[in-house]
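Next come the chains, spelled out residue by residue.
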Amino acid sequence: MAGYHVAVVGATGAVGQEMLSILQERKFPVRSLRLLASKRSLGKRIPFRGESLEVEELKRNSFRGIDIALFSAGAERSKQFASAAVKSGAVVVDNSSAFRMDPKVPLVVPEINAEDIRNHNGIIANPNCTTIITLMGLYPLRSSGIRRIILSSYQAVSGAGAWGIEELRRQTLEWALQEIKNATMGTDDKAVLRPEKFPHPIAFNLIPQIDVFLEGGYTKEELKCLYEPRKILNQPDLQVSATTVRVPVFRSHAVSVHIETERPLSVARARSLIRKARGVRLHDQPEKAKYPTPVQVAGKDDCLVGRIRKDETVPNGLWLWIVGDQLRKGAALNAVQIAESLLGTTPG
Ligand SMILES: NC(=O)c1ccc[n+]([C@@H]2O[C@H](COP(=O)([O-])OP(=O)(O)OC[C@H]3O[C@@H](n4cnc5c(N)ncnc54)[C@H](OP(=O)(O)O)[C@@H]3O)[C@@H](O)[C@H]2O)c1
């Protein structure tokens with residue numbers, strides 16, 4: 001029987017679940033599939049291609065006979081187990097931040113730098129979700145020489161993991177229940193929205209902190225957006241600055257992006273370049289209220305770009321609004337595309 005022996009590490013998580021859907025949708029040539037997660041998930045069963053597969057506990061010997069290991073169980077697990085997978089003969093596509101900036105590890109968005117996959121030593125890294133979505137909107141404009149990017153992101157709660165969805169859902173329900181109680185009892189009490197894992201209530205709020213604060217007042221998430229684009233675009237001098245914000249949206253990240261280019265780039269030319277590019281679609285008719293929104297791209301593969309306009313305050317400045325499903329193109333889809341590119345099985 002033809003095909004590959006595949007392991008999904010973190011199969012019960014938000015990204016892992018999306019990977020399983022994408023492997024099925026794209027008819028990835030899976031010969032056998034091993035689902036790996038923590039001890040907590042032992043014995044859980046997950047459907048795949050009409051079969052019910054049992055989740056196994058991730059161990060160093062989990063990779064015997066595996067050709068491709070798709071990791072999405074956090075950086076600590078990747079650091080701990082990726083080398084065991086490689087030693088067993090598997091190629092690892094890693095969704096965590098563990099190896100992204102390692103010079104020996106390619107950091108790949110297949111539409112942009114698929115050729116870097118050839119230089120792998122057993123591990124290929126998937127970039128940060130906001131980095132991927134931003135670059136999907138910008139890569140068609142590369143011929144104008146992008147030299148500076150300033151971005152502000154509006155990131156969905158599922159970007160934090162399955163628990164993020166649960167925390168927003170719970171707080172929204174608590175708010176709604178209080179409203180119903182007030183309406184029926186004639187009271188005017190405020191719901192107390194208790195944060196569990198986010199540092200503040202996320203329902204009806206914005207949190208300008210994703211992950212921990214590091215150097216220069218930037219968060220770890222922001223520093224990923226600063227450094228990863230330089231490696232992917234092979235532009236060590238690219239200037240990037242970022243503010244990343246968690247918003248009460250279940251799925252899909254939106255990014256407000258300002259760029260400065262070496263050469264003039266008109267709005268019409270930018271639109272035309274984006275129209276012709278792969279994996280990205282133009283959605284830009286503001287007069288008809290046509291611009292991308294997170295709800296619109298949820299569950300879709302392509303990233304959408306709209307609100308393209310000149311910034312007249314600098315010589316070659318342009319604003320764009322880029323939105324993508326971070327569980328798909330920002331994580332699971334990009335990882336599966338890397339595997340397809342590696343194996344030469346990209347669907348026609
Ligand atoms: N969510 C996103 O939008 C997104 C985007 C890009 C990259 N990523 C990256 O993808 C990775 C997974 O994110 P996620 O959002 O899917 O998180 P998640 O929903 O919290 O899922 C985490 C997964 O890791 C597993 N896991 C946790 N501890 C483990 C352990 N000790 N041993 C084995 N498995 C363990 C969990 O298994 P149990 O169910 O058994 O606990 C679960 O399957 C992270 O590195 C994240 O940074 C996420």
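Residues numbered from 1 in each chain as written. Predicted model: local features only at pLDDT ≥ 70, side-chain atom pairs only at ≥ 80, totals over all residues. Heavy atoms only, no water.

(A) Seen up close, the site of the ligand. The immediate surroundings of the ligand are formed by 26 residues, with Thr 12, Ser 38, Arg 40, Ser 41 and Ala 162 found nearest. Backbone polar atom of Ser 158 to a nitrogen atom of the ligand: 2.9 Å apart, as the coordinates give it. Gln 326 is positioned with one of its side-chain polar atoms (N or O) 3.2 Å from an oxygen atom of the ligand. Elements with a minimum of two residues in the shell around the ligand: helix 1 (14-25) and helix 9 (328-343). Partitioning the shell around the ligand into residue classes produces 10 nonpolar, 14 polar and 2 charged. (Near = heavy atom within 4 Å. Polar contact = N/O pair within 3.5 Å; in protein donor to acceptor, adjacent residues only side chain to side chain. Helix = DSSP H or I, 4+ residues; strand = E, 2+ residues; numbered from the N terminus. Nonpolar A, V, L, I, M, F, W, Y, C, P; charged D, E, K, R; others polar.)

(B) Examining the pairing of strand 8 (residues 146-155) more closely. Of the pairings in the sheet, the one linking strand 8 to strand 10 (residues 253-261) comprises 8 bridges and is antiparallel in character. Opposite Tyr 154, over in strand 10, you have Ala 254 as the bridge partner. Bridge count for strand 8 against strand 9 (residues 239-246) is 8 bridges, and the pairing is parallel. In the strand pairing of strand 9, Ile 149 is matched with Val 240. (Pairing = 2+ DSSP bridges.)

(C) View of the sheet that holds strand 8. Strand order in this open sheet of 6 strands is 9-8-10-13-12-11, and the pairing throughout is mixed. Every interior strand has two partners, whereas the edge strands, strand 9 and strand 11 (280-282), have only one. The average undirected angle you get between the axes of adjacent strands in this sheet is 25°. Along the sheet face, helix 7 (residues 267-276) touches strand 11, strand 12 (303-311) and strand 13 (317-324) and points at about 165° away from the line of strand 12. (Axes fitted to C-alpha atoms, helices over the stretch in contact; angles between N-to-C directions. Contact = heavy atoms within 4.5 Å.)

(D) Geometry of the domain arrangement of the protein chain. Taken as a whole, the protein chain is organised into domain 1 (4-126 + 331-343) and domain 2 (132-156 + 206-325). Computed from C-alpha coordinates alone, the two centres of domain 1 and domain 2 are separated by 27 Å. In this assembly, domain 1 packs against domain 2 so that about 1400 Å² is buried in total across both faces, 61% of it on carbon and sulfur atoms. Summed over the shared surface of domain 1 and domain 2, the number is 2 salt bridges. In this structure, the salt-bridge partner of Arg 251 is Glu 18, at a minimum N-O distance of 3.0 Å. At the junction of domain 1 and domain 2, the tally comes to 5 residue pairs in polar contact (both at pLDDT 80 or more). Elements with a minimum of two residues in the side of domain 1 that touches domain 2: helix 3 (110-113) and helix 9. Here the side of domain 1 that touches domain 2 gets 4 residues from one element, more than from any other, and that element is helix 3. Within the side of domain 1 that touches domain 2, the residues separate by chemical class into 8 nonpolar, 4 polar and 5 charged. (Domains from an automatic or database assignment. Buried area = accessible area lost by both parts, 1.4 Å probe. Salt bridge = Lys/Arg side-chain N within 4 Å of Asp/Glu carboxyl O.)

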